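Residue-level structure breakdown
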Amino acid sequence: MSDRNDELFAHAREVIPGGVNSPVRAYGSVGGSPRFLASAQGPYVTDAAGTSYVDLVASWGPALLGHAHPEVVRAVQEAATRGLSFGAPTEGEVDLAALIAERVRVGDAAPIERVRLVSTGTESTMTAIRLARGFTGRDLLVKFAGHYHGHSDGLLAAAGSGVATLALPGSAGVPAPIAAQTLVIDYNDLDQVREVFAVHGDRIAAVIVEAAAANMGVVAPDPGFNAALADIAHAHGALLILDEVLTGFRVHPAGYWGLQQEAGERYTPDLVTFGKVVGGGMPLAALGGRADVMDHLAPVGPVYQAGTLSGNPLSVAAGLATLRRATPDVYARVDAAASAVATALSGALEIAGVTHAVPRAGNLFGVVFAPEAPRTYAGATAQEAWRYRPFFHAMLDAGVSLPPSVFEAWFLTAAHDDDALSRVLEALPIAARAAAAAERPEA
């Protein structure tokens, strides 16, 4: 039976490529019509047909406090009364830059000395890479298979035929010479990192890495991996770009870097990129790092970057209101909610007899239909991913909205109270049985 979501999707496909403005929203890997959301409040979202769901997407991370937090909404409304965009400096953007630098600090370690505000995570990583190249005078970039850093040309690169082989285009529309400036190697494999630097070390501008991988499922770095990346890069005159677009200010007040610092893993990234939580749900991202590197950006230095909407006053207001309310108590509530759901998820699948793992990185987690948590992209893709489709739809039918891909993290918020969590925990055994009954599709 068709509902309003089906009607909207049919119309959307007539006027928008694929019917969506970001590919994963199309439900391509789970099937069916995507839910067109009409509103959200706290831990809940409501679709165009009027159905409410407990939300475990949280706008892919930004809704740390829960959807439409009253103080965040009020801050945006007040900012809107003063003007929507100025194309000029504002006091708020200075306050937000200072707050970012202040939060990314553990003891004496404080890697953020300068901050540049931009509009999207893709823009932040793209700028960080251009800056690294301009600062070092080198062209090559090292990235890891399965890590997502936005859709700029040089980052949509696929691995070549060998560890030290320059990459091939990973998407139509990416020129081969641009892809060839990237070296794509396996995550959590320091031998490959050393080999790449042994061959190309004097040409490598930077290594870029997700602080903890969360776009090929949740795959945490091995203990000491990020610190070793910093050591190897610095030994060869290259920079380390830590991508915290997803993890920044979500898993810890100072991001995943802060979580690692408190665990005793000490290292200093040269550049850090931020998005999602830093804008409180509005379009805003940032990059920050060492003063001598950041000061290579125009207008001080020769590396050009600009944006009419960079530091947009509404986005800045949402970011400030969110970060100022992201207290230790908020992180404790998010951590507790994530632990409750992750534990129940594993228990339900165990009872249903489904081979699985529930990998975690701080309060981020996901499900893998394989005997153990993966360490690499190849490991993440070597699972019975076809079990996720019936699992996903069983949860949706039970009133719980999950990410529409097995390769995405699940997000809890500080607004997920006992009632919301109870609905999730009641739905999990039903979904686990649906996953157990799934049959492998014919090739």
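The structure displayed is predicted, hence computed values, not measured ones.

1. Comments concerning the packing of aromatic side chains
- Across all of its chains, the model carries 11 aromatic pairs by this definition.
- Aromatic pair Phe-9 and Phe-36: ring centres 6.4 Å apart, planes at 55°, arrangement tilted. Placement of the pair is Phe-9 in helix α1 (residues 4-15) and Phe-36 in the loop between α1 and β1 (37-41), with a sequence separation of 27 residues.
- Looking at Phe-36, the relative accessible area reads 23%, which means it is partly exposed.
- Relative to Phe-392, the ring of Tyr-27 has its centre 5.3 Å away and its plane inclined at 90°; by these criteria the two rings are edge-to-face. Residue Tyr-27 is found in the loop between α1 and β1, and its partner Phe-392 is found in helix α13 (residues 388-397); the two are separated by 365 residues along the sequence. Neither Tyr-27 nor Phe-392 differs from the other in exposure class; each is buried.
- Put simply, the rings of Tyr-27, Phe-365, Phe-369, Tyr-388, Phe-391, Phe-392 and Trp-410 touch in pairs and so form one group of aromatic residues.
- It is Arg-13 that lies over the ring of Phe-9; its NZ or CZ is 4.2 Å from the centre.

2. Here's the deal with the sheet that holds strand β11 (residues 271-274)
- Across the sheet, which stays open at both edges, the 7 strands sit in the order β4-β12-β11-β10-β9-β5-β8 with mixed pairing between neighbours. Both outer strands of the open sheet, β4 (114-118) and β8 (182-185), are each paired with one neighbouring strand and no more. Averaged over all adjacent pairs, the angle separating strand axes in this sheet is 20°, with direction ignored.
- Alignment of β4 against strand β12 (residues 285-289), held across 5 bridges, turns out to be antiparallel.

3. A short note on the packing of helix α3 (residues 91-103) against helix α10 (residues 313-325)
- Running from N to C, α3 and α10 cross one another at 35°; their axes reach a closest spacing of 9 Å. For the pair α3 and α10, the crossing hand works out as left-handed. Contact residues: α3 offers Gly-92, Glu-93, Asp-95, Leu-96, Leu-99, Ile-100 and Arg-103, while α10 offers Val-316, Gly-319, Leu-320, Leu-323 and Arg-324.
- Its residues placed into classes, the contact of α3 with α10 shows 6 nonpolar, 2 polar and 4 charged.

4. Structural notes on the environment of Gly-50
- Residue position: Gly-50 is located in the loop between β2 (44-47) and β3 (52-55).
- The sequence separation of Gly-50 and Leu-37 amounts to 13 residues, and the corresponding C-alpha distance is 9.1 Å.

5. Some remarks on the nonpolar core
- Ranked by size, the top nonpolar core spans 74 residues in total, and within it Ile-100, Phe-144, Phe-249 and Phe-274 carry the most contacts.
- For this core, the leading source of residues is α10, giving 7 residues.
- Each residue touching Phe-144, except ones within four places of it in the same chain, is listed here: Val-184, Ile-185, Asp-186, Tyr-187, Val-193, Val-207, Ile-208, Val-209, Phe-225 and Leu-229.
- Of all hydrophobic cores here, the second largest spans 36 residues; its members include Tyr-27, Phe-369, Val-406 and Ala-420.

6. Topic: helix α14 (residues 418-437)
- Look at α14: 30 Å from first C-alpha to last across 20 residues, which is about the 28 Å you get at 1.5 Å a residue.
- At Leu-428, α14 shows its strongest bend, of approximately 30°, with the proline Pro-429 following within four residues.
- Buried within α14 we find Ala-420, Leu-421, Val-424, Ala-427, Leu-428, Ala-431, Ala-432 and Ala-435.
- The inward-facing, buried residues of α14 contact β2, β3, α11 (328-352), α13 and β15 (400-401).

7. Structural notes on α3
- Compared with an ideal rise of 1.5 Å per residue, which puts 13 residues at 18 Å, α3 spans 19 Å between its outermost C-alpha atoms and is within 8% of the ideal.
- If you check which residues of α3 are buried, you get Glu-93, Leu-96, Ala-97, Leu-99, Ile-100, Ala-101 and Arg-103.
- Packing partners of the buried residues in α3 comprise β4, β11, β12, α10 and α11.

How each quantity is defined
Per-chain numbering applies: the sequence of each chain, read as written, is numbered from 1 onward. Selection of residues for local features in this predicted model requires a pLDDT of at least 70, selection of side-chain atom pairs for listing and counting requires 80 or more, and totals for whole chains, interfaces and linings are taken over all residues. Side-chain figures throughout are based on the complete set of non-hydrogen atoms in the structure, without hydrogens or water. Working definition: rings of Phe, Tyr and Trp (its six-membered ring) pair if their centres are within 6.5 Å, and the pair is stacked with planes under 30 degrees apart, edge-to-face with planes over 60 apart, and tilted otherwise. Strands are runs of DSSP state E lasting at least two residues, helices are runs of H or I lasting at least four, and both sets are numbered from the N terminus onward. Here's how the labels work: a residue is buried when its accessible area is under 20% of the maximum for its type, exposed when over 50%, partly exposed in between, all with a 1.4 Å probe on protein chains only. Whether a charge sits over a ring comes down to the Lys NZ or Arg CZ being within 6 Å of the ring centre and within 35 degrees of the ring normal. At least two DSSP bridges between two strands are required for those strands to pair. Where helices are involved, their axes are fitted lines through C-alpha atoms of the stretch in contact, as for all axes, and angles between N-to-C directions lie from 0 to 180°. What makes a crossing left-handed is the near helix being turned counterclockwise from the far one by less than a right angle; a clockwise turn instead makes it right-handed. Contact criterion: two residues are considered in contact whenever any of their non-hydrogen atoms come within 4.5 Å of each other. Any residue that is not Ala, Val, Leu, Ile, Met, Phe, Trp, Tyr, Cys, Pro, Asp, Glu, Lys or Arg is counted as polar, Gly included; the first ten are nonpolar and the last four charged. Only buried residues count toward a nonpolar core. Its members are Ala, Val, Leu, Ile, Met, Phe, Trp, Tyr and Cys residues joined through side-chain atoms within 4.5 Å. The length a helix should cover is 1.5 Å for every residue beyond the first. By definition, a residue's bend is the angle between the axes fitted to the seven residues ending there and the seven starting there.

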